[in-house]
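Single-letter residue listing:
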Amino acid sequence: MSNEVQDKPGEAGRKEAMVYVAADPDQPGAAWAICVDMPEHKKDTAKSIAQWVKEGATVQHVPLEVGREMVMKWERPEKRKKASLDEQASLL
């Protein structure tokens, strides 16, 4: 699958796809949600972004590949907490 999108149907010029990500302020470089930036869906995109902000995310506009990496890096808070507790227990 290509990371490029056409500016408009029929145009030969292509550019890299951009996405919005809900970056987790507690996990630098990680994001828990992603939304492709498509002008034809700007109302749905705005609703998603508004919800992310309400939930405490920092919204960033990044290239698709960066967004994918950020989402793959994110860990659920419960999982991080359990890993931390397991690490503390191993020190005892």
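All of these numbers come straight from a predicted model, not from anything done at the bench.

**Student:** I keep staring at the sheet that holds strand E3 (residues 18-23) and nothing clicks. Help me out?
**Tutor:** Whether parallel or antiparallel, the strands of a sheet pair through hydrogen bonds between backbone atoms. Strand order in this open sheet of three strands is E4-E3-E5, and the pairing throughout is antiparallel. With partners counted over all chains shown, the strands left at the sheet margins are strand E4 (31-36) and strand E5 (58-63), one partner each. On average, adjacent strands in this sheet sit at an angle of 30° to one another, irrespective of strand direction. Sheet analysis places E3 next to E5, joined by six bridges and oriented antiparallel. Counterpart to Tyr-20 in the pairing with E5 is His-61. Lying on the sheet, helix H1 (residues 42-54) is in contact with E3, E4 and E5; it crosses E4 at an angle near 165°. Against the sheet, helix H2 (residues 64-73) touches E3, E4 and E5, its axis set at about 130° to E5.

**Student:** I tried to follow the nonpolar core on my own but got confused; where do I start?
**Tutor:** When a protein is soluble and globular, its nonpolar side chains tend to lie buried together. Core analysis: the biggest nonpolar cluster contains eight residues, these being Ala-17, Val-19, Val-21, Ala-23, Ala-31, Val-62, Leu-64 and Met-70. Top element by residues in this core is E3. It accounts for three residues. Counting residues in hydrophobic clusters, the runner-up holds six residues, among them Ala-22, Ala-33, Cys-35 and Trp-52.

Scoring rules and cut-offs
Residues numbered from 1 in each chain as written. Predicted model: local features only at pLDDT ≥ 70, side-chain atom pairs only at ≥ 80, totals over all residues. Heavy atoms only, no water. Pairing = 2+ DSSP bridges. Helix = DSSP H or I, 4+ residues; strand = E, 2+ residues; numbered from the N terminus. Axes fitted to C-alpha atoms, helices over the stretch in contact; angles between N-to-C directions. Contact = heavy atoms within 4.5 Å. Core = buried A, V, L, I, M, F, W, Y, C linked by side-chain atoms within 4.5 Å. Buried < 20%, exposed > 50% of the residue type's maximum accessible area, 1.4 Å probe, protein only.

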